[in-house]
Amino acid sequence: MDYVQERVVREAAKETVELYGLATPLNLILIAITLYTTYLLYKPTPPATLPREPPAVVFRTFTPRTLLPYNGTNNMPVYMAVRGRVFDVTSGRNFYGPGGPYENFAGRDASRGLACHSFDEDMLTKDLDGPLDTLEGLGAEEMESLQGWEERFLSKYLVVGKLVAKGEK
Ligand code: HEM
């Protein structure tokens, strides 16, 4: 009987050794790789998110007075009018924003100043509630220069509205 018991104990010990014998470094690495691959396969994926839409551009009608606040102060967008078109020149804030070389065009009708290559105050419409500048008195060369600016702005900036005199639509 002693022999049988002794044998049972010895066999059990042998099985334990065999089991631990499986824990070789290679096996451990393989188990780790298998577990990691399984994790990658079943890892929950974050829900797909759509890119944010750019803010909608509403085409508006401005008068010289309602255009004025868009001169880059108060963290407002910067708009500039050229021959009835209002351009959003916010991306050119360095040019038109406060302290920029062309800041006096911001929030104003810049047509005459651009045509004449002049930043003078008297290039800008004085009476914000009066008629728009008809560009009377400009020569062919100046009108050509103005057209060049318009083409540049059309390819670079978004038109966000039109400029009309007060009381017009
Ligand atoms: C001393 C003479 C001048 C120099 C050296 C000069 C220089 C420049 C330079 C380097 C730029 C940047 C161009 C770019 O990166 O696209 C620029 C832009 C501009 N210039 Fe002048 N400029 C001068 C006179 C004028 C005059 C007289 C006007 C018209 C009144 C004018 C109107 C503009 C405007 C409107 C822009 C910005 C265009 C945009 O928004 O892309 N500049 N200028």
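Here is what the cut-offs are and how they apply
Residues numbered from 1 in each chain as written. Predicted model: local features only at pLDDT ≥ 70, side-chain atom pairs only at ≥ 80, totals over all residues. UniProt positions renumbered as here; feature names shortened; annotations may be inferred. Helix = DSSP H or I, 4+ residues; strand = E, 2+ residues; numbered from the N terminus. Rg over C-alpha atoms; globule rule 2.2 N^0.38 Å. Buried ≥ 20, exposed ≤ 12 C-beta atoms within 10 Å, placed from the backbone. Near = placed C-beta within 6 Å. Nonpolar A, V, L, I, M, F, W, Y, C, P; charged D, E, K, R; others polar. Domains from an automatic or database assignment. Expected span 1.5 Å × (residues − 1). Pairing = 2+ DSSP bridges. Axes fitted to C-alpha atoms, helices over the stretch in contact; angles between N-to-C directions. Core = buried A, V, L, I, M, F, W, Y, C linked by C-beta atoms within 7 Å.

An unreviewed UniProt entry lists the protein under the name Cytochrome b5 heme-binding domain-containing protein, with Xylaria multiplex given as the organism. Quoted verbatim from the Subcellular location (unreviewed entry) heading of the UniProt record, the comment on the protein is "Endoplasmic reticulum". Recorded in UniProt under Sequence similarities (unreviewed entry), the annotation for the protein is "Belongs to the cytochrome b5 family. MAPR subfamily."

J.: Explain the overall build of the protein to me, please; I cannot follow it from the model alone.
T.: If you tally the helices and strands in the protein, you get six helices and four strands. The order of helices and strands in the protein, counted from the N terminus, is α-α-β-α-β-β-α-α-α-β. Computed over the C-alpha atoms, the radius of gyration of the protein is 38 Å, more than 25% above the 15 Å expected from 2.2 N^0.38 for a compact globule of 169 residues. C-alpha atoms of the protein, sized along the principal axes, occupy 125 × 30 × 25 Å. Considering the protein as a whole, with its 169 residues, one finds that 20% of them fall into the buried category.

J.: What am I meant to see in the environment of Glu-141 here?
T.: Along the chain, Glu-141 turns up in helix α6 (residues 140–156). Given 9 C-beta atoms within 10 Å, Glu-141 falls into the exposed group. Considered as a pair, Glu-141 and Cys-116 are 25 residues apart in the sequence and their alpha carbons are 9.2 Å apart.

J.: Got a minute to help me understand the site of the ligand in this structure?
T.: By nearness alone, every residue bordering the ligand is listed as Val-89, Gly-92, Phe-95, Tyr-102, Gly-113, Leu-114, His-117, Ser-118, Phe-119 and Lys-156. Of the residues that constitute the shell around the ligand, the class distribution is five nonpolar, four polar and one charged.

J.: What's the story with the domain arrangement of the protein in this structure? I'm lost.
T.: Often, the extent of an interface is quoted as the loss of accessible area on bringing the components together. The domain architecture assigned to the protein consists of domain 1 (2–42) and domain 2 (60–163). Distance from the C-alpha centre of domain 1 to the C-alpha centre of domain 2: 81 Å.

J.: Explain helix α2 (residues 25–42) to me, please; I cannot follow it from the model alone.
T.: Because each turn of an α-helix spans 3.6 residues, side chains separated by three or four positions in sequence point in the same direction. If you check α2, its first and last C-alpha atoms are 26 Å apart, about what 18 residues at 1.5 Å a residue would give, namely 26 Å. Little of α2 sits out of view: just zero of its 18 residues are buried.

J.: Explain the UniProt feature "domain: Cytochrome b5 heme-binding" (unreviewed entry) in the protein to me, please; I cannot follow it from the model alone.
T.: Those places that UniProt annotates as "domain: Cytochrome b5 heme-binding" (unreviewed entry) correspond, in this numbering, to residues 62–164. The span residues 62–164 shows a helical share of 30% and a strand share of 15%, and its end C-alpha atoms are spaced 6 Å apart.

J.: Whenever I open this one, the pairing of strand β2 (residues 79–82) confuses me. Can you help?
T.: Taken residue by residue, a regular strand's side chains alternate between the two faces of the sheet. Burial of β2 is two-sided: the residues Tyr-79 and Ala-81 facing one way and the residues Met-80 and Val-82 facing the other way are all buried. As judged from the four bridges shared by β2 and strand β3 (residues 85–88), these two strands associate in the antiparallel manner. Its bridge partner lying in β3, Tyr-79 is registered against Asp-88. Joining the antiparallel neighbours β2 and β3 is a turn of two residues, in which Arg-83 adopts a positive phi near 45°.

J.: I'm lost on the sheet that holds strand β4 (residues 158–163) in this one. Help?
T.: Within a sheet, adjacent strands bond to each other through the backbone by hydrogen bonds, running parallel or antiparallel. The strand order β1-β4-β3-β2 describes an open sheet built from four strands, whose pairing is mixed. Across the chains shown, the open sheet's two edge strands, defined by having one partner strand only, are β1 (60–62) and β2. Averaged over all neighbouring strand pairs, the angle between strand axes comes to 40°, with direction disregarded.

J.: Please clarify how the nonpolar core should be interpreted in this entry.
T.: Across soluble globular proteins, nonpolar side chains have a tendency to be buried as a group. With 20 residues, the main nonpolar core has Leu-67, Tyr-79, Met-80, Ala-81, Val-86, Phe-87 and Val-89 as its most contacted residues. Among the secondary structure elements, those contributing two or more residues to this core are β2, β3 and α5 (111–116). With four residues, β2 is the largest single contributor of residues to this core.

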